[in-house]
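Working through the structure, step by step
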Amino acid sequence: MMSACSSILSQSRHCWWYHRRCYHFASITASLRGSVTIQHHEEYDNCKRNKKYNTAMNVQRRRDISTNNKLVLNNVLSKEAATAPIDYPTSQRFLALPPAIGIHLAIGSVYVYSMWTPGMSKALGVVAAAPCDWTQSELLPVFSCAAVVLGVTTSTLGGWVEKSGPRMSGLLGSACWSGALLTTAAGIETHTLPLVYLGYGFLGGVGWGLMYLTPVTAAMKWFPDKRGLATGIALSAFGAGAAFAPSVIHVLVDHFAVAPEFVGDCLLTGGGVEVEGVTKNFVELTTLDDGSQVVANTSLVGEPGTPVVVATEADVAKISGMSNCPGVYAIGTGDTGVSKAMAVLGVIYGGLGAIASRFMKIPHPQWTPERAAQSQMDQLMMARRKLTQIVMKQTILDCLHHMSLQTQCNSRFCGWLFLAMQREDLLSYLLRK
């Protein structure tokens, strides 16, 4: 009986300890899981927080870089950076003219607008004007708009040019002139007349005014005693740009020009004609209500319904760089090369004006040729005086050294005087005397 009770008691005690151990194990496991979960959440939060911090730092770093770039650009283009020192030599003021000449060479081509109008009036027909092409009466007012905008720009932005300096105004004018040519080229390519007016008429006028005003004012500041000479040099570059532009435009237009598709010869009646025993077919045309011509449905040559233009011998003779013959040509299959040539010149003139604007320089407000000459003379006199002192010092030291070698009785005195003469205070005292 006792043995049975002891066995039951031991089993129950063992079961109690087992359940207690399981309970502790479960609690420990739960706590470990909780700690692991909490640690996992903490690591996730830290990673998320670090990610937000890194993102914010990257954004701030980009802003700092952008701000630094703007500051550097503003420092380079500011009026203070373009201002020369007050003691700028008068003989070097001619070095301020080449950038002004470069800007006027770039804007001088604004006067050769008439070089573009023949190709613009045949943008679709290429060899001859199509009924849907622009007329001269639609294209000629573009230059008048540019001239009006020029007057408005010079009268309204003159104070801003003086305040911002020649570099900023020259760069803005170059950007406007380049954008004007590019916008006009896009208008010609898409055959959109408002873009032509917006480009050459408005942006071209703004660029014309800024690029004309900036070099002239800077040159006149450098030559207050020779204003006519400075203005003449600047305006001669303006005229040179207008003189060189036609040859450049002619070469570029011939390079980019593409001959349209030749459909065939044309007779008013169409059909075929026997020439030297051989029947030669001609294109038969039909005129629509709007005045345009298309290939007739009964034509033996060409695809019916194709819009075409008829080029005469006089029309073909006006086109250089194309080996064409009189006849019928399909509309929209060629290119006059005007749009591409204008785009290339827009990039070239914009780059030339921007580079020249970077090196524009104006004198100090208190700078005058007389003051600069006097300052240069003072510097020259100081240099001569210093050179004289050096020569006299070396001469005196050589004489004392020679006396100390030749005179034995006064060698100690000459040696002491030789050492004393090397001091600046005694030498300066003797030289002043």
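From a predicted model like this one, the values you see are computed outputs, not experimental measurements. (Residues numbered from 1 in each chain as written. Predicted model: local features only at pLDDT ≥ 70, side-chain atom pairs only at ≥ 80, totals over all residues. Heavy atoms only, no water.)

**Some details on the overall build of the protein**
Short version of the rule: Each helix is a run of H or I in the DSSP string that is no shorter than four residues. Each strand is a run of E no shorter than two, and both are numbered from the N terminus. Note on classification: 1.4 Å probe, protein chains only; a residue is buried when its accessible area is under 20% of the maximum for its type, exposed when over 50%, partly exposed between these limits. The protein chains shown are the only cover counted for residues, whose accessible areas, like all others here, come from Shrake-Rupley with a 1.4 Å probe.
Within the protein, the secondary structure is distributed over 15 helices and 7 strands. Looking at the protein as a whole, 33% of its 433 residues are labelled buried. Accessible surface computed for the protein: about 25600 Å², of which carbon and sulfur atoms make up 63%.

**Details of unusual backbone geometry**
We note that V126 has phi near 65°; this positive angle belongs to a residue other than glycine. Among the secondary structure elements, V126 is positioned in the loop between α4 (117-120) and α5 (136-139). Judged by its relative accessible area of 4%, V126 falls in the buried class.

**Section: the side chain of S178**
Applicable threshold: A contact between two residues is defined here by any heavy atoms of the two lying within 4.5 Å.
Examined against the element boundaries, S178 turns out to sit in helix α8 (residues 166-190). The residues contacting S178, other than those within four sequence positions of it, are G346, V347 and G350.

**A look at the packing of helix α6 (residues 141-156) against helix α9 (residues 193-222)**
Using the following cut-off: Note on definitions: angles span 0 to 180 degrees between N-to-C directions of axes, and those axes are lines fitted to C-alpha atoms, for helices only across the stretch in contact. Any angle from 65 to 115 degrees is called roughly perpendicular, while one under 35 is roughly parallel, one over 145 is roughly antiparallel, and all others are oblique. Left-handed describes a crossing whose near helix is turned anticlockwise from the far helix through less than a right angle; right-handed describes the clockwise counterpart. Each residue gets one label: Ala, Val, Leu, Ile, Met, Phe, Trp, Tyr, Cys and Pro are nonpolar, Asp, Glu, Lys and Arg are charged, and the others, such as Gly, are polar.
One can describe the packing of α6 onto α9 by two numbers: an axis separation of 7 Å at closest approach and a directional angle of 40°. As far as their axial angle goes, α9 and α6 are oblique. Here α6 runs over α9; the crossing is right-handed. Contacts between α6 and α9 pair P141, V142, F143, C145, A146, A147, V149, L150, T153 and T154 from the former with V196, Y197, Y200, G201, F202, G205, V206, W208, G209, L210 and L213 from the latter. When its residues are assigned to classes, the contact of α6 with α9 shows 16 nonpolar, 5 polar and no charged.

**A few points about the pairing of strand β7 (residues 327-330)**
This is how it is decided: DSSP bridges decide pairing: two strands pair if at least two such bridges lie between them.
Relative to β7, strand β1 (residues 262-264) runs antiparallel, the two sharing 2 bridges. Within β7, the position partnered with G264 by the bridge is V328.

**Let's talk about empty space enclosed by the protein**
Put simply, the rule is: Grid points spaced at 1 Å and placed over the protein atoms alone form the basis of the search, with a cavity being a set where a 1.4 Å probe fits but cannot get out and a pocket an open set showing protein on both sides within 12 Å along at least five of seven lines. Lining residues have an atom within 4 Å of a point. Grid points are joined across faces, edges and corners, and a volume is the space filled by probe spheres set on the points.
Going through the model one piece at a time under the given rule, you end up with 1 cavity of 30 Å³ or more. Roughly 60 Å³ of volume is contained in the largest cavity. Lining the largest cavity are K79, V161, E162, G165, P166, T214, T217, A218, K221 and I362. Of all elements in the fold, only α7 (158-164) and α9 reach the threshold of two or more residues within the lining of the largest cavity. Per-element tally for the lining of the largest cavity: the top contributor is α9, with 4 residues.

**Considerations on the packing of helix α10 (residues 227-256) against helix α12 (residues 338-358)**
For the pair α10 and α12, interaxial distance at closest approach is 8 Å and the crossing angle is 130°. In terms of their interaxial angle, α10 and α12 are classed as oblique. Here the hand of the crossing between α10 and α12 comes out right-handed. Residues A245, V248, I249, L252, V253 and F256 of α10 touch α12, and the partners they reach there are V338, K340, A341, V344, L345 and Y349.

**Looking at the pattern of salt bridges**
Note the following rule: Definition used for salt bridges: Asp or Glu carboxyl oxygen within 4 Å of a side-chain nitrogen of Lys or Arg.
In the structure shown here, the tally under the stated rule is 3 salt bridges. Where D225 meets R93, a salt bridge forms, and the shortest distance between an N and an O atom there is 3.1 Å. Of this pair, D225 sits in the loop between α9 and α10 while R93 sits in the loop between α2 (79-82) and α3 (97-107); the two residues are 132 residues apart in sequence, bridging distant segments of the chain. Judged by relative accessible area, R93 falls into the buried class, the value being 5%. As a salt-bridge pair, K340 and D335 come within 2.7 Å of each other at their nearest N and O atoms. Relative accessible area serves as the criterion here: at 33%, K340 is assigned to the partly exposed category.

**Remarks on the sheet that holds strand β4 (residues 285-287)**
Taken in spatial order, the 5 strands line up as β1-β7-β6-β5-β4 in an open sheet, and their pairing is antiparallel. With one partner strand each, in any of the chains shown, β1 and β4 form the two edges of the open sheet. Each strand axis lies, on average, 45° off the axis of its neighbour in the sheet, ignoring direction. Pairing analysis gives 4 bridges linking strand β6 (residues 307-311) to β7, with the strands arranged antiparallel. When the sheet's bridge partners are listed, V309 is paired in β7 with Y329.

**Considering the confidence of the model for the protein**
What counts, and what does not: Confidence of the predictor in every single residue is expressed as pLDDT, which spans 0 to 100.
Confidence in the prediction of the protein, expressed as mean pLDDT, is 77, and 65% of residues score 70 or more. Counting interchain partners and residues more than four positions distant, the pLDDT-below-50 stretch residues 1-6 has 0 contacts. Considering only residues more than four positions removed or in separate chains, one finds that residues 268-278, a stretch of pLDDT under 50, has 15 contacts.

**Comments concerning the packing of aromatic side chains**
Aromatic ring pairs: the centre-centre distance and the angle between the two ring planes describe each pair. What counts here: Any two of the Phe, Tyr and Trp rings considered here, Trp counted by its six-membered ring, make a pair once their centres fall within 6.5 Å; the pair's planes then place it as stacked at under 30 degrees, edge-to-face at over 60, or tilted in between.
Applying the stated criterion across every chain yields a total of 12 aromatic pairs. Pairing Y88 with W222 gives two aromatic rings, centres 5.2 Å apart and planes at 55°, and the pair type is tilted. In this pair, Y88 sits in the loop between α2 and α3 while W222 sits in helix α9, placing the two residues 134 residues apart along the sequence. W222 shares its class with Y88; the two are buried. Between W177 and Y200, the ring centres sit 5.7 Å apart and the planes meet at 75°, which makes this aromatic pair edge-to-face. With a gap of 23 residues between them, W177 in helix α8 and Y200 in helix α9 connect regions that are remote in the sequence. The burial state of W177 is the same as that of Y200; both residues are buried. Members of the aromatic cluster, each reached through a chain of ring pairs, are Y111, Y113, F143, W177, Y200, W208, Y212 and F238.

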